[in-house]
Amino acid sequence: MSAIQSTCAYCGVGCGVSVSSTQADWEKVERANLTLTGDINHPANHGHLCAKGERLLDSLAQPNVLRYPMLRSGKPINWDDASSLIADKFANTIAEFGPDSVALYLSGQLLTEDYYVANKFAKGYLKTANVDTNSRLCMSSAVSAMQGCFGEDVVPGCYDDIEHADVIVLIGANTAWTHPVLFQRILAAKKANHSQLVVIDPIATATAKQADIHLAIKPGADLALFHGLLGFLADSNSVNHDFIAAHTQGYNEIIESAQQLSCNLASLAKQVGVSLAALTQFYQLFINDNKVLTASCQGVNQSVIGTEITQAIIHCHLALGHIGQAGCGFFSLTGQPNAMGGREVGGLATQLACHMGFSTPEQQLLANFWQVDAVADKKGLAAVDMFDALAEGTIKAIWIMGTNPVVSLPNTNKIAQALADCPFVVVSEITPDSDTAKLADVLLPAQGWSEKCGTVTNSERTISRQRGFIVPKGQSKPDWWAISQVAQKMGFQGFEFKTNASVFNEFACLSAQVKQTFAGKVFDISGLANLTQQEYDNLAPTQWPIASAEHIGQTGLRLFSQGVFATPSAKAQFIVPKGLNAAETTDTAETTVLLNSGRSRDQWHTMTRTGHIASLRASIPEPIIQLHPNKLASLSLTEGDLVRIDAINDMQANRSAQNSTAQKNAEQNKATARVVADEDMAENIAFMSMHWSAQFSLGKGVNQA
Ligand code: SF4
């Protein structure tokens, strides 16, 4: 029996998997020959997998796999004609309306090689930075907070910190469901080391139920909680003044507003929505040299003040001098398997490759490296703005890869209409059944997990190989290959890549050049430049920075441990929060129920890869909305009733709608779910997962609300 090591297709923990086959010839392998287990040698999971990971092979039984390029009419088309058509449409659109009339919308599911070529195509050759990703939705707050405080989009810690911490704080993260293998590691460390677990979440989630302290704060109170903590640390003489003086800037400008909160803890506790005793107990965990690790996820990131909340968390660890030390500091949990890898190659509209910005020297370096006269000279449109521009008609051609924005973006009725009205839509997918694929003028068959090869980077900066083990059926191709075909049809030089290894090598060589030119950049994979094909094929999981080939295989690295940061002054920054008084909600009436959305344990994104797996579907077979029993009673609802969910603005609009047909149409486009009584909900909070759409249920999903 032979085995191939790869990585899980789902979350940012980045677990290694080992796929074994009874068929010696991998060219002839079928699903029936295969077994999958956790890779005991992978540093992210040491052999453990969660329910989704264990069923990865079941995801291969897609009911309807896209095998060939297709036009909207359903007519098959060959790759050569499809590439020519896309090249012509993009070229003509740019000729008539300029480079910013086209856009690429990418995904944290893509491999680093796909992301690199997409960014080169858009920013280097189309001359537009309108290339963004669904990772924007989950990570942009953390990215901009780390850029602001540390000078670069860098997570300082590593998973090993879990075993070194005295206290682990999870905020805005239902880790038990969304990063299960990491959560099991946290529970194991808690048991072995008697460390304490604090969970900050308005809902008594599966994660919160395992906590020593659960702070069920009011939604949006995170910023006051952590800014007040900074004041408390100063009040109790716990801050590390030597570290602050030597390695940071801005402390004096920020501490006064923090102490205004902490000077009256009773009032702060009321503002945050917890008891004074609970608030004080939590704050005291940060003093007396306790090693505290704070990890955040979407509950923090997907907030109108997400950047400021994250910065407030970082400030507390900076004030203690606890960054880059074992068991201490801030950690950002990434949602998708390659959210970080995409950022490394410039997968956001607001950055260039290798963590470069849009300064003239950075643009120049990239232009020289790609041998073009110039690259995009300004930031492009971020995800939501990009689709707004699509709706307004200023973007006239878009290429969407590996994501389903018609279900996953906010206000998806608008997204669907914008795509339907857009003159030219290309979608790269593994299935023609997704809601977005149905709106494509040209649908391209992408290779999926199990077929494609490349690299991904997980939450702790570890680059791992994803290896294909099934010969792609039909005409499906890697996304980097599809982009390269179109680029060559447009007459662009520099897209003659033959293998994923050749793409990765170009990226690693670029990293070497950036390192040589800009001292102080933390991101560095120059040690992976010029690998042979065999070395790339055999690449072991390796955490960056990777300064030389000798570092291949390294893990457990911490950054900024010497107090030298990536800012121009080499000092970390305290940044005054502007959103302390910003309201997260627009309606505070007692009858209002605030709807939180998120993931459920056994599904993935818009279910296109997990919705057909019966054993995963069994735990929650249909869309539900969870409400506290008292709230159900006060709304005269009975468990099992079907409800329609309205956004506040739409409720107001509907109330005043004169045209009953228009109102009926609007109502039909709303999210629909069955109510479930759940005592874990606060009385003014409801929860509905983000996964459902008309493809898998009778009703619309939560983003249609
Ligand atoms: Fe996959 Fe995440 Fe589960 Fe690991 S924890 S097996 S990466 S879904």
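None of these values were measured; they are calculated from a predicted model.

A. Representation of the overall build of the protein within the structure. Scanning the protein from N- to C-terminus turns up 26 helices and 24 strands. Taken over the C-alpha trace, the protein has a radius of gyration of 25 Å; the compact-globule value for 705 residues is 27 Å, and the two agree within 12%. The C-alpha extent of the protein, read off along each of the three principal axes, is 70 × 65 × 55 Å. Out of the 705 residues in the protein, the part that is buried amounts to 54%. Partitioning the contacts of the protein with sequence separation of at least 6, the portion at a separation of at least 24 is 73%.

B. Focus on the sheet that holds strand E16 (residues 454-457). Taken together, three strands build an open sheet; the order of strands is E16-E17-E18 and the sheet is antiparallel. Pairing within the sheet leaves two strands with one partner each, and these edge strands are E16 and strand E18 (542-543). Here four bridges tie E16 to strand E17 (residues 462-466), and the two strands are oriented antiparallel to one another. Within E17, the residue paired with Gly-454 across the bridge is Gln-466.

C. View of the domain arrangement of the protein. Assigned domains within the protein: domain 1 (2-60), domain 2 (70-134 + 338-498), domain 3 (142-335) and domain 4 (594-704). Each side of the interface is counted separately: domain 1 has six residues, and domain 4 has eight residues. Residues of the side of domain 1 that touches domain 4, tallied by class, amount to two nonpolar, one polar and three charged.

D. Expanded view of the site of the ligand. The environment of the ligand is made up of 14 residues, and the closest members are Cys-8, Cys-11, Cys-15, Cys-50 and Gly-53. Looking at the shell around the ligand, the elements that each hand over two or more residues are helix H1 (51-54) and helix H7 (180-193). Shared between two domains, the shell around the ligand takes at least three residues from each, and those domains are domain 1 (2-60) and domain 3 (142-335).

E. Structural view of the sheet that holds strand E8 (residues 196-200). Strands sit in the order E9-E8-E7-E11-E12 across an open sheet of five strands; the sheet is parallel. Two strands bound the open sheet, and with one partner strand each, they are strand E9 (213-215) and strand E12 (329-332). Neighbour-to-neighbour, the strand axes of this sheet turn through a mean angle of 20 degrees, independent of strand direction. Where strand E7 (residues 167-171) meets strand E11 (residues 292-296), five bridges bridge the pair, whose relative direction is parallel.

F. Spatial organisation of the packing of helix H8 (residues 222-235) against helix H11 (residues 265-272). Running from N to C, H8 and H11 cross one another at 155 degrees; their axes reach a closest spacing of 9 Å. Viewed along their axes, H8 and H11 adopt a mutual orientation that is roughly antiparallel. With respect to the hand of their crossing, H8 and H11 are arranged in left-handed fashion. Residues Ala-224, Leu-225 and Gly-228 of H8 lie in contact with H11, whose contacting residues are Leu-268, Gln-271 and Val-272. Broken down by class, the residue content of the contact of H8 with H11 amounts to four nonpolar, two polar and no charged.

G. Layout of the UniProt feature "domain: 4Fe-4S Mo/W bis-MGD-type" (unreviewed entry) in the protein. Mapped onto the present numbering, the UniProt feature "domain: 4Fe-4S Mo/W bis-MGD-type" (unreviewed entry) falls on residues 1-64. The span residues 1-64 is 6% helix and 27% strand, and its two end C-alpha atoms sit 30 Å from each other.

H. The arrangement of helix H14 (residues 306-319) in detail. In a regular helix each residue adds 1.5 Å, so 14 residues correspond to 20 Å; H14 covers 20 Å between its end C-alpha atoms and thus fits that length. Summarising burial for H14: 14 of the 14 residues are buried, a large majority. Of the residues flanking the end of H14, it is Gly-321, one or two places downstream, whose phi is positive at about 75 degrees.

I. Fine view of the confidence of the model for the protein. Scored by pLDDT, the protein comes out at a mean of 92, with 95% of its residues at no less than 70. Below a pLDDT of 50 lies the segment residues 650-659, which in the model reaches seven contacts outside its immediate sequence neighbourhood of four places, other chains included. Among the scores for the predicted complex, ipTM is 1.00 and pTM is 0.94.

J. Region of the structure containing H7. For H7, with 14 residues, the first-to-last C-alpha span of 20 Å sits near the 20 Å given by 1.5 Å per residue. Buried within H7 we find Pro-180, Val-181, Leu-182, Phe-183, Arg-185, Ile-186 and Ala-189. Those residues of H7 that are buried lie in contact with helix H5 (161-164), E7, helix H6 (175-178) and E8. Just downstream of H7 lies His-194, where phi reads positive at about 55 degrees.

Thresholds applied
- Residues numbered from 1 in each chain as written.
- Predicted model: local features only at pLDDT ≥ 70, side-chain atom pairs only at ≥ 80, totals over all residues.
- Helix = DSSP H or I, 4+ residues; strand = E, 2+ residues; numbered from the N terminus.
- Rg over C-alpha atoms; globule rule 2.2 N^0.38 Å.
- Buried ≥ 20, exposed ≤ 12 C-beta atoms within 10 Å, placed from the backbone.
- Contact = placed C-beta atoms within 7 Å.
- Pairing = 2+ DSSP bridges.
- Domains from an automatic or database assignment.
- Nonpolar A, V, L, I, M, F, W, Y, C, P; charged D, E, K, R; others polar.
- Near = placed C-beta within 6 Å.
- Axes fitted to C-alpha atoms, helices over the stretch in contact; angles between N-to-C directions.
- Parallel < 35°, antiparallel > 145°, perpendicular 65-115°, else oblique.
- Left-handed = near helix turned anticlockwise from the far one by under 90°.
- UniProt positions renumbered as here; feature names shortened; annotations may be inferred.
- Expected span 1.5 Å × (residues − 1).
- pLDDT = per-residue confidence, 0-100.

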